[in-house]
Amino acid sequence: MVECRLLGVVEIVVNGELADLGHPRQQAVLAVLLAELNRVVSIESLVDRVWGYNPPTTARNTLYAHVARLRRALPASAGILLSRRGPGYIVEADPEVVDLYRFRRLAADARAADDDRAANGLFAEALGLWRGPAFAGLASPWLDGLRVAADDEFLAVTVSHNDVRLRLGQHLELLGDLRRLTAAHPLDERLVGQLVLAAYRSGYRAEALDQYHQMRTRLSDELGVGPGPQLRCRYEQVLRDDPVLAGPVPQHPRATGQVPAQLPHELSDFTGRHAELEALRALFADTGPANAIALISAIDGLPGVGKTALAVKFAHEVGGAFPDGQLHIDLRGFDPERGPVRADDALGYLLRGIGVPPEQVPLELDDKVGLYRSLLAEKRILIVLDNAATTDQVRPLLPGRGGTLTLVTSRNRLSGLVARDGARRITLGVLSTSEAAELLRRVVGHSRVSAEPDSASELARLCGHLPLALRLAAERAASCPSLSLSALADELMTERHRLDVLAVDDPASSMRAVFWWSYRQLPPAAARMFRILSLHPGPDISLHGAAALSGTPLTLARQQLGALTNTHLIEQDAPGRYHFHDLLRVYAAELALAEEPAQERRLAMRRVIGWYLHTADVAGRALVPQRRHPAFEPLDPSCTPLGLASHSEALEWCDAERANLVAVACQAHQIGSHQAAWKLPIMLWGYFTLRKPWADWLAMLQTGLEAAHQIGDMHGECAIVNNLGVLYNDRHQPTVAMTYYQRALELSRETGDSYAEVTAFNNLSSVCRNLARLSEASDYASQALLLARKIEDRWGECWAQNTLGEICCDSKRFEDALNHTRQALVLSREIGHRHDEGSALHTLGETNWRCHRFEAAQADLEQALAIRREISDRQGTAHTLTVLGEVMQHTGRAEEARHYWQEAVAIHEDLGEAQAAQLRARLAEL
């Protein structure tokens with residue numbers, strides 16, 4: 001499933017995941033093609049529309065590279081296809097997947113609808129697609145013009161929607177929106193006319209007249225004209241209280257007696273939550289006088305995220321639309337002293353709130369539910385059920401029918417309300433970076449935040465963008481003007497003291513207390529899982545990793561993690577993957593230190609390190625079947641490593657766990673598991689050589705080298721320095737690589753490890769070839785070949801044969817090159833080593849190309865390319881694409897050469913390699 005979003009920041013969502021669209025210029029290419037969906041855009045037009053009237057000379061070549069990367073980001077299986085067509089490019093997709101086209105279709109359907117209620121829903125759905133200014137962040141004259149036109153469409157649809165809502169009698173709800181809209185568009189007479197009508201119908205006759213006079217003054221001062229006939233007519237109708245202005249007659253009369261108005265005060269510095277408020281407004285749009293459904297919104301999220309603040313903010317915004325009043329009750333779902341309010345008691349409170357005398361409140365729960373729902377059946381009433389614990393606590397408090405809106409907040413997900421009662425769930429996340437900064441400005445003051453913007457950003461980060469934590473930190477700064485934001489950030493920097501800083505005199509507002517209220521509700525096994533998870537060093541953890549860490553069977557671990565996600569003490573990013581909010585991790589670590597014995601903490605860390613080590617071994621063998629792995633200790637009986645039977649499964653696991661593997665290697669070194677610390681990167685050699693995540697690879701190897709040194713493990717040191725040499729050789733720093741390889745050769749001889757010696761010889765041969773010292777390279781490869789044959793190291797032999805083939809090719813001894821490489825190819829196929837098979841085919845293809853055997857070269861290189869793509873060897877793929885481009889150029893197929901080189905450039909750029917610039921120069925020559 002794919003969603004193409006132009007109404008805001010340009011985004012593509014494929015199966016729920018944001019596609020990587022690259023930098024703004026590349027996004028602009030996609031934006032132009034999506035704006036012209038299913039139409040060919042010529043290359044000249046694309047360049048003009050993306051770069052403007054004076055594009056750089058390299059614009060066309062850069063465009064090709066952008067398109068190549070966009071193709072990779074947009075799988076055809078998702079229903080969107082970017083392809084070359086005639087003189088240009090085209091994006092083909094169903095218009096419904098592009099929000100701009102869906103917006104236009106919904107708006108057209110709304111205008112054609114016979115029924116205002118249907119039109120209202122269609123307009124709301126259309127406007128709900130907007131996430132900000134169209135094509136946000138992209139700039140070119142053409143896109144700027146398109147943005148202006150799209151914004152005009154948005155305004156026109158908004159005006160039409162307002163007309164429908166006014167006809168439906170939603171003037172009270174519209175007032176706030178119309179005031180904001182007229183402030184943003186002060187010369188739009190349509191909006192002012194709607195505001196005059198909404199204000200008059202809501203009982204604000206003076207405001208209605210004042211809005212007209214303000215508009216008349218603006219038109220006169222800025223344009224030298226007066227209001228148009230429609231606005232003048234509306235003004236005259238207000239002056240004479242024309243009955244034509246009366247709104248629809250309410251179908252639900254007000255209840256007799258006092259109308260309840262129980263909402264708590266809203267926060268004066270409430271910040272952000274625009275998307276969530278829009279979602280609530282969309283839900284509210286469905287609550288009309290004729291609506292027979294009692295609408296429910298369940299707002300959940302982690303402790304301190306601002307669920308109550310959002311519910312109260314929205315309730316105040318729309319409260320005037322509920323003439324029969326607003327009910328509010330704190331259900332105390334997580335109150336550590338008084339406990340949750342029983343549904344029976346809550347119903348008694350709500351019944352008294354809507355005017356039932358205490359003596360007439362029934363005694364039995366079922367009777368209370370019946371009376372409550374009967375009294376609400378014909379009312380327009382807003383109900384806020386705050387801080388609920390469970391679905392069972394809430395369900396008796398829900399109206400049965402009628403035009404009611406019920407807002408429920410809870411730290412739990414209340415899945416039963418969604419499944420059985422049709423509640424619309426809104427899960428509240430932390431504030432965005434900009435929202436966090438705005439909250440700090442409102443509490444601390446704009447001047448202090450502007451004076452220390454970097455410290456303000458650091459404060460927000462250390463508070464995890466959690467509203468309550470930010471408010472506590474901000475109020476601490478506001479109450480102490482001499483305390484700089486940088487000093488406050490320094491106080492928060494130390495994790496073990498962070499929750500102390502975020503404490504106040506009121507225990508109910510302390511971060512530690514707020515977290516404890518949720519923690520204390522957990523069953524013992526889930527509480528232990530919460531504590532133990534804090535011992536995991538990585539940014540997230542899988543279900544299997546959590547089971548290993550806790551020493552828990554998989555089924556039970558899944559249940560315990562489910563209990564934690566249900567209460568938002570951890571979050572689930574994707575199926576089977578979990579993470580802490582930063583402050584909750586700190587809190588869990590405090591509990592682990594206080595409640596888990598030191599021996600159990602050590603066992604948990606060793607269990608998960610062992611699980612990662614054993615699974616990394618499985619992954620490494622799947623990626624490079626013939627590579628020799630070091631021996632290691634048996635895994636704890638309570639843990640089971642993953643199977644990872646295929647190459648793709650192994651690669652997928654390594655990708656998902658990469659950051660965790662780096663952190664686990666570091667943790668292993670810190671707690672004294674030095675063998676695991678140096679063996680982990682060795683197990684993952686195949687992954688790192690394929691993916692080339694340079695920084696993570698280097699970090700793991702440096703940790704491994706320190707660990708091997710600490711225990712004096714020369715075998716470990718030898719393996720690590722060999723790998724460090726590979727990294728620096730691949731990074732085109734042969735001199736540094738040579739130093740590591742020579743040390744590896746010395747260590748292999750000192751330890752008597754012939755297999756390591758073969759590896760060192762092969763590596764030395766490779767780096768000497770890169771330094772154009774071909775004689776030395778040949779000597780090292782020959783020594784590797786002899787020793788490999790002697791010890792029956794078939795992989796080392798295959799490697800040496802291929803290296804000799806490369807050296808002979810460089811020396812223009814082409815027949816020798818072909819002989820060595822063919823032997824390498826046979827060996828690689830016999831041992832099932834796909835990486836070396838791809839390398840041998842590449843060398844054969846390059847040798848045939850240099851011999852001007854272009855047809856044979858192309859066949860070999862295409863086979864090599866298929867294998868390298870299959871195993872995700874990105875650097876090897878780029879090298880083969882480069883040589884294929886050479887073959888195409890020499891045979892007069894310049895356009896095919898361009899295609900290969902553009903793809904190679906994109907890979908080299910992603911890997912941060914200098915070959916990208918060299919190939920771009922070659923492309924320019926074409």
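Since this is a predicted model, take the numbers as computed values, not measurements.

(A) Main features of the overall build of the protein chain. Check the secondary structure of the protein chain and you find 43 helices and 14 strands. Its C-alpha atoms give the protein chain principal-axis dimensions of roughly 105 × 70 × 55 Å. Counting all 926 residues of the protein chain, 55% fall into the buried class. Residue pairs at least 24 apart in sequence account for 66% of intrachain contacts in the protein chain once pairs closer than 6 positions are excluded. With the model as given, the accessible surface of the protein chain reaches about 39,000 Å², and the carbon-plus-sulfur share is 52%.

(B) Region of the structure containing the pairing of strand β10 (residues 405-410). Counting buried residues along β10, 6 of its 6 residues qualify, which places the element largely inside the surrounding structure. Residues of β10 alternate between two faces, with Leu405, Leu407 and Thr409 on one and Thr406, Val408 and Ser410 on the opposite face, all of them buried. Pairing of strand β7 (residues 295-301) with β10, which is carried by 6 bridges, proceeds in the parallel orientation. Note on β10: the bridge partner recorded for aspartate 300 is serine 410.

(C) Region of interest: the packing of helix α28 (residues 598-623) against helix α29 (residues 647-670). Where α28 meets α29, the closest approach of the two axes is 9 Å, and the angle between their N-to-C directions is 145 degrees. Helix-helix and strand crossings are classified by hand; for α28 and α29 the assignment is left-handed. Contact with α28, carried on its side by Met605, Ile609, Trp611, Tyr612, Thr615, Ala616, Ala619, Ala622 and Leu623, involves His647, Ala650, Leu651, Trp653, Cys654, Glu657, Asn660, Leu661, Val664, Gln667 and Ala668 of α29 and no other residues of that element. Among the residues making up the contact of α28 with α29, the classes are represented as 15 nonpolar, 4 polar and 1 charged.

(D) Molecular detail of the packing of aromatic side chains. This model, assessed by the stated rule, comprises 18 aromatic pairs. Ring centres of phenylalanine 515 and tyrosine 587 lie 5.7 Å apart, and the angle between their planes is 50 degrees; this geometry places the pair in the tilted category. On the criterion of sequence distance, the pair formed by phenylalanine 515 in helix α23 (residues 511-519) and tyrosine 587 in helix α27 (residues 582-595) is long-range, its members being 72 residues apart. Centroid distance tyrosine 519 to phenylalanine 530: 5.7 Å. Interplanar angle 40 degrees. Geometry classified as tilted. Of this pair, tyrosine 519 sits in helix α23 while phenylalanine 530 sits in helix α24 (residues 524-533), and the two are 11 residues apart along the sequence. Since its relative accessible area comes to 8%, tyrosine 519 is described here as buried. Judged by its relative accessible area of 0%, phenylalanine 530 falls in the buried class. Ring pairs connect the aromatic residues Phe515, Tyr519, Phe530, Phe580 and Tyr587, which therefore count as one cluster. It is arginine 520 that lies over the ring of tryptophan 516; its NZ or CZ is 5.5 Å from the centre.

(E) Molecular detail of the side chain of glutamine 560. For glutamine 560, the location among the structural elements is in helix α26 (residues 554-566). Dropping the residues within four chain positions of it, glutamine 560 is found in contact with Ala525, Ala526, Met529 and Thr552.

(F) Highlighting unusual backbone geometry. Located in the positive-phi region is aspartate 241, a residue other than glycine, with phi close to 50 degrees. Along the polypeptide, aspartate 241 turns up in the loop between α10 (229-239) and α11 (274-284). Of note, lysine 812 is a non-glycine position whose phi angle comes to about 65 degrees, a positive value. The residue lysine 812 is located in the loop between α37 (794-810) and α38 (814-831) in this model. A relative accessible area of 65% places lysine 812 in the exposed class.

(G) Focus on the sheet that holds strand β3 (residues 17-18). Here we have 3 strands laid out as an open sheet, ordered β1-β2-β3, and antiparallel in their pairing. Of all the strands in the sheet, the pair left with one neighbour each is β1 (2-5) and β3. Sheet analysis places β1 next to strand β2 (residues 11-14), joined by 4 bridges and oriented antiparallel. Its bridge partner lying in β2, glutamate 3 is registered against valine 13.

(H) Summary view of the pairing of strand β9 (residues 382-388). The buried fraction of β9 is high, at 6 of 7 residues. Judged from the 5 bridges that link them, strand β8 (residues 326-330) and β9 form a sheet pairing that is parallel. If you follow aspartate 330 over to β9, its bridge partner there is aspartate 386. For β9 and β10, the ladder comprises 5 bridges, and the chain directions are parallel. Bridging across to β10, leucine 382 finds its partner in leucine 405.

(I) Layout of a nonpolar patch on the surface. Taken together, the side chains of Leu187, Leu223 and Val225 define a hydrophobic patch exposed on the protein surface, amounting to about 240 Å² of accessible area. Structurally, leucine 223 is set in helix α9 (residues 205-223).

(J) A look at the nonpolar core. Formed by 175 residues in total, the largest nonpolar core has its most connected members in Leu405, Leu407, Phe530, Leu533, Leu564 and Trp653. The biggest single contributor to this core is α28, with 11 residues. Listed in part, the 55 residues of the second largest apolar core include Ala31, Ala110, Phe123 and Ala126.

(K) Seen up close, the sheet that holds strand β5 (residues 80-85). Spatially, β4-β6-β5 is the arrangement adopted by the 3 strands of the open sheet, whose pairing is antiparallel. Two strands lie at the open edges of the sheet, namely β4 (41-42) and β5, each paired on one side alone. Pairing between β5 and strand β6 (residues 88-93): 6 bridges, direction antiparallel. Note that in β6 the partner of leucine 81 across the bridge is glutamate 92.

(L) Here's a closer look at the side chain of aspartate 386. With respect to the secondary-structure elements, aspartate 386 resides in strand β9. Nearest to the buried, unbridged aspartate 386 among oppositely charged side chains is lysine 307, at 7.9 Å. For aspartate 386, the side chain forms a polar contact with the side chain of threonine 308, separated by 2.7 Å. Here the side chain of aspartate 386 touches threonine 409 through a polar contact of 2.4 Å, side chain to side chain. Contacts of aspartate 386, omitting those with residues within four sequence positions, involve Thr308, His328, Ile329, Asp330, Leu331, Arg332 and Thr409.

(M) Representation of helix α13 (residues 343-353) within the structure. Burial of α13 is extensive: 8 of the 11 residues sit out of reach of the surface. For α13, the set of buried residues is Ala343, Asp344, Ala346, Leu347, Gly348, Leu350, Leu351 and Gly353. Check the buried side of α13 and you find it contacts β8, α14 (365-376), β9 and α15 (391-394).

(N) Structural view of the pattern of salt bridges. Evaluated as defined, the whole model comprises 63 salt bridges. The closest approach of N and O atoms between arginine 49 and glutamate 36, which form a salt bridge, is 2.8 Å. In this pair, arginine 49 is assigned in helix α2 (residues 43-51) and glutamate 36 in the loop between α1 (24-35) and β4, connecting sequence segments 13 residues apart. The exposure classification of arginine 49 matches that of glutamate 36, with both residues buried. Residue arginine 281 is joined to glutamate 278 by a salt bridge in which the shortest nitrogen-to-oxygen separation is 2.4 Å.

Quick notes on the rules
Residues numbered from 1 in each chain as written. Predicted model: local features only at pLDDT ≥ 70, side-chain atom pairs only at ≥ 80, totals over all residues. Heavy atoms only, no water. Helix = DSSP H or I, 4+ residues; strand = E, 2+ residues; numbered from the N terminus. Buried < 20%, exposed > 50% of the residue type's maximum accessible area, 1.4 Å probe, protein only. Contact = heavy atoms within 4.5 Å. Areas by Shrake-Rupley, 256 points an atom, 1.4 Å probe, with all protein chains shown as cover. Pairing = 2+ DSSP bridges. Axes fitted to C-alpha atoms, helices over the stretch in contact; angles between N-to-C directions. Left-handed = near helix turned anticlockwise from the far one by under 90°. Nonpolar A, V, L, I, M, F, W, Y, C, P; charged D, E, K, R; others polar. Phe/Tyr/Trp six-rings, centres within 6.5 Å; stacked < 30°, edge-to-face > 60°. Lys NZ or Arg CZ within 6 Å of the ring centre and 35° of its normal. Patch = residues over 30% accessible without salt bridge, like charges linked within 9 Å, V, L, I, M, F, W, Y side chains within 5 Å. Salt bridge = Lys/Arg side-chain N within 4 Å of Asp/Glu carboxyl O. Core = buried A, V, L, I, M, F, W, Y, C linked by side-chain atoms within 4.5 Å. Lys, Arg positive; Asp, Glu negative; His and termini not counted. Polar contact = N/O pair within 3.5 Å; in protein donor to acceptor, adjacent residues only side chain to side chain.

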